[in-house]
Amino acid sequence: MPIDLFMTQLSPTMTEGKIARWLKKEGDILTSGEVLAEIETDKATMEMEVIDEGVLHKILSPEGSIIAVGQPIAIIAEEDEEVADDYLPAGGIDTASAEPKPDAPIATPAQVVETLTSVATAEHDSEHELNLKPAGIFNADGEYDVVVIGAGPGGYVAAIRAAQLGFKVACVESTHLGGICLNWGCIPTKALLRTAEIVNVIKHHGDELGLGVSDTTPDIQKAVARSRGISEKLNNGIGFLFKKNKIDHIAGFAKFESGNKLMVQLNDGGEREVTAKHVVVATGAKARAFPGMEIDNEVIITYMKALVLDRVPEKMTIIGSGAIGMEFAYFYNAMGAKVTVIEGADRVMPLEDHEISKVVQRSFKKQGIQVITGAMVSSAKNINGVGTVEYSSKGKAQTIEGDMVLVAVGVVGNTENIGLENTQVAVDRNTIAVDDWYRTDHAGIYAIGDVVGAPALAHVASHEGIVCIEAIAGKEPHPVDYGNVPGCTYCQPQVGSCGMTEQAAIDAGRNIKVGRMSYAPNGKALGLAETEGMVKTIFDAETGELLGAHIVGAEATEMIVALGLARTLETTEAELAHHMFPHPTLSEMIHEAVLDSDGRAIHI
């Protein structure tokens, strides 16, 4: 029996669509999930996927046809099925609408903007009180629908999502596809940390694990070379994804000029104006340095230099105990450096739950890493080849010297030299002001990622990029939930967290129940020789809502995903307690922590 294929309603307000392109021809075998055709609406070009498998027997509506929703556009048959010549789909064919209409009126940019704004506002008012700036078009005659400035985890993801939605897309990037994260941050540091992890396993547990070795001779040059190779491989992978999605990579540096112009200084020389209806700024961030910190990238360095050192300094001082500082402290300590961490707050990792940061601080001291808290750094200088840090602690001036000083006090958005002064984009201390759809104060210009402020995390930038693009396309994205951003630090012990800390919940006036479970009695942790750490859950005592979750220990960055998802799904304490966790796993500690919040833990 033939299957009738109808024009699908691809958005809530769609009444008709124009068949821009058939991606399958008559006689082709159709597999579920493949893209069958591209459909243009007054909002965007969208993909129609194959749902009913079989053979595309006959195309009823040629490219260029404008078809009402619910009208037949093709016939699908089973393989080797005979379809009668006089067969007609149910409901017949609207021959008038099936004719190509190249001169059909197209909505003006202003009409599109008005439609998108009203639809987005109406669809979300019932659920969310959106903070929205006026929508608009950057250049109504743009060659591209979307141009993204920057190819980091925010920019390249936004570009790919835009291409998936049928937009014509270009991405301007002057250096490496993948940005800081892939080339100088998240990815290469994890490769280095894997080396440190194995070094420490052998050093501390080699004998008990029966490895026959209890010491190593780590080679930093080989470790760095491996990390660079991994980054290069993934960099090439993004290039492949751009080609696959027909995204133009414009190698150069973009800058706004007055009159809604976007100019690109091309890497191979010359200048090009790139025109676009929508421009997304995803320029990321760079290492921050406070006054008195004189970075020379020889003795006083940032994370970029720390990733490619060809030797291990005998003594290294690290200013700052956030994720960057703690990860490099762990790595260089494992490689043989004598490491000192200086932190201005009264504990390391001050944004984490207080009990979690105490576990890490205690572990670092056991590993031989010196930790100085409550220390306010006034200067970090290269004095005759010696990294000299001056700080005050408990009212006394102190000095510490070493071969190298790593400044890890956060990042600051890359807003300079991209011509924002030639736009109406509002910038405050290197942070671009945006609304819930990442619109700026300049019509048609958007911003995502580190350049819009904390939290400066790769997964946040990627998520913002998708929401931004889907809002441009008139879809129904959920605003980013910044109260449920997973935080991960990959030193050992690892730290994973989401939601409120215990203190934040108390400060918010919540009546809470706290559950804890140590790694020490867990069978899987014992088998891994990883018994340091804990799982902590924080619930609303009245409603059972999971307010926050915090894990410190082996694979914490993997396990925290389950609790973040539980918060997204609004899973209650009772539901988590009822869920069956597999044995033996580290995840059982999540179950025990949940049970402990109600005094029902089995293994405590």
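Let me sum up the structure you'll find in this document.

Procedures and definitions
Residues numbered from 1 in each chain as written. Predicted model: local features only at pLDDT ≥ 70, side-chain atom pairs only at ≥ 80, totals over all residues. Heavy atoms only, no water. Helix = DSSP H or I, 4+ residues; strand = E, 2+ residues; numbered from the N terminus. Rg over C-alpha atoms; globule rule 2.2 N^0.38 Å. Buried < 20%, exposed > 50% of the residue type's maximum accessible area, 1.4 Å probe, protein only. Contact = heavy atoms within 4.5 Å. Areas by Shrake-Rupley, 256 points an atom, 1.4 Å probe, with all protein chains shown as cover. Lys, Arg positive; Asp, Glu negative; His and termini not counted. Charge placed at Lys NZ, Arg CZ, Asp CG, Glu CD. Expected span 1.5 Å × (residues − 1). Arc of directions from axis to C-beta. Salt bridge = Lys/Arg side-chain N within 4 Å of Asp/Glu carboxyl O. Phe/Tyr/Trp six-rings, centres within 6.5 Å; stacked < 30°, edge-to-face > 60°. Lys NZ or Arg CZ within 6 Å of the ring centre and 35° of its normal. Core = buried A, V, L, I, M, F, W, Y, C linked by side-chain atoms within 4.5 Å.

### Quick look at the overall build of the protein chain
Line of reasoning, step 1. Per the secondary structure count, the protein chain includes 15 helices and 32 strands.
Line of reasoning, step 2. Computed over its C-alpha atoms, the radius of gyration of the protein chain comes to 28 Å, within 12% of the 25 Å expected for a compact globule of 604 residues.
Line of reasoning, step 3. Each of the three principal axes of the protein chain carries a C-alpha extent, and together these read 90 × 60 × 50 Å.
Line of reasoning, step 4. Out of the 604 residues belonging to the protein chain, those deemed buried represent 50%.
Line of reasoning, step 5. For the protein chain, restricting intrachain contacts to residue pairs at least 6 apart in sequence, the fraction spanning at least 24 positions comes to 64%.
Line of reasoning, step 6. Accessible surface computed for the protein chain: about 28,100 Å², of which carbon and sulfur atoms make up 50%.
Line of reasoning, step 7. Seen as two clouds, the 48 positive and the 84 negative side-chain charges of the protein chain have centres 9 Å apart.

### Some details on helix α13 (residues 556-568)
Line of reasoning, step 1. The terminal C-alpha atoms of α13, which comprises 13 residues, lie 19 Å apart, in line with the 18 Å expected from a rise of 1.5 Å per residue.
Line of reasoning, step 2. Within the span of α13, buried status applies to A556, T557, M559, I560, L563, G564, A566 and R567. The buried residues of α13 occupy one face: seen down the axis, they fall within an arc of 155°. Set apart from the buried face of α13 by more than 90 degrees, the exposed residues are E558, V561 and T568.
Line of reasoning, step 3. Tucked into the core, α13 has its buried residues touching β28 (487-489), β29 (495-499), β32 (546-552), α14 (573-578) and α15 (588-596).
Line of reasoning, step 4. E570 lies just past α13 and shows a positive phi near 55°.

### Digging into the pattern of salt bridges
Line of reasoning, step 1. Taken as a whole, this structure holds 23 salt bridges when the rule is applied.
Line of reasoning, step 2. The residue E355 makes a salt bridge to K536 at a minimum N-O spacing of 2.5 Å. Of the two residues, E355 sits in helix α9 (residues 354-366) while K536 sits in strand β31 (residues 534-540), which places them 181 residues apart along the sequence.
Line of reasoning, step 3. You can call K536 buried: its relative accessible area is 0%.
Line of reasoning, step 4. A salt bridge links K366 to E532, with the nearest nitrogen and oxygen atoms 3.3 Å apart.

### Focus on the packing of aromatic side chains
Line of reasoning, step 1. Evaluated as defined, the whole model comprises three aromatic pairs.
Line of reasoning, step 2. On the basis of an interplanar angle of 75° and a centroid distance of 5.8 Å, the ring pair of F138 and F256 is categorised as edge-to-face. Placement of the pair is F138 in the loop between α2 (109-125) and β9 (144-149) and F256 in strand β11 (residues 248-257), with a sequence separation of 118 residues. For the residue pair F138 and F256, the accessibility class agrees, reading buried in each case.
Line of reasoning, step 3. Summarising the aromatic geometry, the rings of F328 and Y332 are spaced 6.3 Å apart at their centres and angled 25° between planes, so their arrangement reads as stacked. With F328 and Y332 both in helix α8 (residues 323-334), this residue pair falls four residues apart, about one helical turn. No difference in accessibility class separates F328 from Y332, as the two residues are buried.
Line of reasoning, step 4. Here the aromatic residues F328, F331 and Y332 are joined through ring pairs into a cluster of three or more.
Line of reasoning, step 5. Of note, K168 hangs over the ring of Y144, and the distance from its end group to the ring centre comes to 5.3 Å.
Line of reasoning, step 6. Here R228 stacks its cationic end above the ring of W184, 4.1 Å away from the centre of that ring.

### Re the nonpolar core
Taken as a class, soluble globular proteins show a tendency for nonpolar side chains to be buried jointly.
Line of reasoning, step 1. One finds I318, M326, F328, F331, Y332, V339 and F364 to be the most contacted residues of the largest nonpolar core, which totals 41 residues.
Line of reasoning, step 2. Elements with a contribution of two residues or more to this core: α5 (186-205), α6 (220-244), α7 (303-306), β17 (315-319), α8, β18 (338-342), α9 and β23 (404-407).
Line of reasoning, step 3. Of all the elements, α8 adds the most residues to this core, at seven residues.
Line of reasoning, step 4. Apart from residues lying up to four places away in sequence, I318 is in contact with G325, F328, A329, V339, T340, V341, I342, L406 and A408.

Geometric descriptors of this kind do not, in isolation, establish any biological role.
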